[in-house]
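# Overview (structure and organization)
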Amino acid sequence: MIKLSNISAGYNKVEVIKHINIGFEEGTITSVIGKNGCGKTTLLRVASNLLKPLSGSVTIVGKEISSIPSKELARKVAFLPQIRTVPNITVNNLVMHGRYPYLDFSRTPQKKDKEIVERAIEIMGLEDIKSKNIHELSGGQRQKVYLAMVLAQDTDIIFLDEPTTYLDINHQLEILEVIKKLKMLGKTIVMVLHDLNSALSCSDRVCLMDDGEIVIYDTPQDVFESGEIDRIFKVCSSQVPIEGELTKQYVFYLK
Amino acid sequence: MSMLRKFSTRINLNKNSKSYNATVIALLVLLLLFGVFLSISIGSTRISLSEIIRAMQQGDNTSTTYRIISYVRIPRTLAAVLAGCALSVSGAILQSVLNNSLASPSIIGVNSGAGLFTVLIAAFFPVGVYYTTIAAFVGALLAVLLVYSIAKKTGASRMAIVLSGVAVSSFIGAMTDTVLTLKPDVAIERTAFLIGGFSGITMGRLSFAGGFIVFAFVIALILSYDMNILALGDESAKSLGLNVTSLRFIFLILAAMLAGSAISFAGLLGFVGLIVPHVSRILVGYDNRILIPVSALLGSIFTLLCDLLARVLFAPFEIPVGIIMSFLGGPFFIYLLIKGRRGLLYD
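In this report, we go over the structure that sits alongside the text. The residue count restarts for each chain, going from 1 along the sequence in the order it is written. Going through the entries in the order they are written, you letter the chains from A and number the ligands from 1. Only residues with pLDDT of at least 70 are given local features in this predicted model, and only at 80 or more are side-chain atom pairs given and counted; all residues enter the totals for whole chains, interfaces and linings. Side-chain figures throughout are based on the complete set of non-hydrogen atoms in the structure, without hydrogens or water.

A few words on the overall build of chain B. Along the backbone of chain B there are 15 helices and 0 strands. Only protein chains enter the calculation, and the probe is 1.4 Å; a residue is then buried if its accessible area is under 20% of its type maximum, exposed if over 50%, and partly exposed in between. Among the 347 residues that make up chain B, the fraction classed as buried is 54%. Here a residue-residue contact requires only that any non-hydrogen atoms of the pair lie within 4.5 Å. Taking all contacts inside chain B whose residues are at least 6 apart in sequence as the whole, residues at least 24 apart take part in 73%. For chain B, the exposed surface amounts to about 15,200 Å²; the carbon and sulfur share of it is 69%. Secondary structure follows DSSP: runs of H or I at least 4 residues long count as helices, runs of E at least 2 residues long count as strands, and numbering of each begins at the N terminus. Note on areas: Shrake-Rupley with a 1.4 Å probe; residue coverage comes only from the protein chains shown.

In structure tokens form, the structure reads like this:
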């Protein structure tokens, strides 16, 4: 379990997030939602030790995150940033990068590493394109390759910063299905999402932020019913049943 | 290169497969050995292979052939090989670590730092060539440390390093020009340094710089996989457990050691550091584990070839190798750009 206590953090000593107290339960999907600039990414960066907090502490199973050596931490926590440099390498090689925290001084992947990479490629359904260069792939395919790399990293906790942004609707839904697969494998997933319907319909918990603080952190239904989403985003919302489906979808529109 | 492609197609090698990479390395090693032989053999006096072997076996210091080989040809050949290898590997490291197609040793202040110290020592402590070599090396390293410490204050991002490099180079350039204005008699040494070349190289001058080049090259090879991880971008690399800031600093120092050492005995042959890594990337792709050795071999071969041409084209007159490099390398690079081979440049 990863826990953030009394966190305030920001850039150049200016606070972006403050009074953050939150714990992410094992084997769940949490979506962090909120307006642009409210501190969602900063929260993820602090939780994954990419940004040192101005005050407060982040612990993993009771251990202070900053005291964990970087490679050991990389075997526990993975972070997939939204904006990435696209390297000029094959799918297989990129997924193999996920094994970096496990490689010894020679940096030579062992049989076990190769097996894990193969399995990650298989789970993400990338077998047919594993020899292709990342540059040749579509946005959706690339995202799946990065998720395969994260899977190969074999961490219990995965932070994803806007994993569906810039993707067409088909790929968005496909990526969300992939994320559910990760949960089935026992991973704890915390992701920033802009699409409120996706956040509410595919998460176990939703964390709504505003102006650097957590407004509500609860189950999707409770967050929806609290009316806080409508207040903060200045929208109206309703739940719409889908024919032949058990779950309802969430619709948002301007007042 | 097209021959290599045809050859690889004929023997059915997939690009980037282990056997393809091994074939490329083997062919380049053969080419380098041939280049070394030509460089020792050709000159004002032609020496055949059998004569070379005989002279070296006898080791007779009174024999003219032996003296030419050991005191002129071998130091010169070794200088070209070392300089080509060092500058190319330095360029490959910088282009990868800074993710910038235009990165070459000059971008992190190596040239300007070495240039200033060469001029300073010529102007105020005219103590001899050996010390000029050390001064150029120290100047290059100091300039890079200055560039990095300024960039670090703004987070040491790739862009901060490039911009800080431009600013520091400009400032140091102004200092060099001031010294040249006040002491115009050192301008000749300045010109020789700017053009670069290998005439008059001795083993004594090489040994100091050569040690640094071999050391930095080995470390670069060891860290080549980490360089691949760094290419994923800062946050992804950090998330994989890489200490991005210190590793980038190590790579900058390695690049500065390589280029500074080469510049210290060969003058400014910067162009090789820009184009060879690009050509190597077309051959073997972006994996630094293979790119670094291929850049080293290709850089050595290209520099040897240029030096050979510099010696024989207008014999008995010799033209500085830097001029040949730019005459050959410039149009070739333009040809590659126009042909627009995919993967030539970073996006």
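A few words on the interface of chain B and chain A. Counting residues at the interface gives 21 residues for chain B and 26 residues for chain A. Defined here as a combined quantity, buried area equals the accessible surface (1.4 Å probe) lost by two parts on assembly, summed across both. Summed over both partners, the interface of chain B with chain A comes to about 2,100 Å²; 54% of that surface belongs to carbon and sulfur atoms. What counts as a salt bridge is simple: a side-chain nitrogen of Lys or Arg found within 4 Å of a carboxyl oxygen of Asp or Glu. Remark: the boundary between chain B and chain A carries 2 salt bridges. Two residues, B:E235 and A:R45, come together in a salt bridge whose shortest N-O distance is 2.4 Å. When contributions to the side of chain B that touches chain A are tallied by element, the ones reaching two or more residues are α10 (224-230) and α11 (234-239) of chain B. Classification convention: Asp, Glu, Lys, Arg as charged; Ala, Val, Leu, Ile, Met, Phe, Trp, Tyr, Cys, Pro as nonpolar; all other residues, Gly among them, as polar. Each residue belonging to the side of chain B that touches chain A can be placed in one class, and the counts come to 8 nonpolar, 7 polar and 6 charged.

Once that is clear, we can look at the sheet that holds strand β9 (residues 205-210) of chain A. All names here are of chain A. The strand order across the open sheet formed by 6 strands is β6-β7-β8-β3-β9-β10, and the pairing between neighbours is mixed. What marks the edges here is a single partner per strand, and that holds for β6 (77-80) and β10 (213-218). Going from strand to strand, the sheet's axes swing by 15° on average, the running direction of each strand aside. Here 5 bridges tie strand β3 (residues 29-34) to β9, and the two strands are oriented parallel to one another. Its bridge partner being in β9, S31 is matched across the sheet by V206. By the convention used here, strands pair only if DSSP detects at least 2 bridges between them. Lines are fitted to the C-alpha atoms to define the axes, a helix being fitted only along its stretch in contact, and any angle between axes, read from their N-to-C directions, falls within 0 to 180 degrees.

Okay, the pairing of β10(A) next. Relative to β10(A), β9(A) runs antiparallel, the two being bridged by 5 bridges. If you follow A:V206 over to β10(A), its bridge partner there is A:D218.

Note that every value here comes from positions in space, so none of it alone points to a role or purpose.
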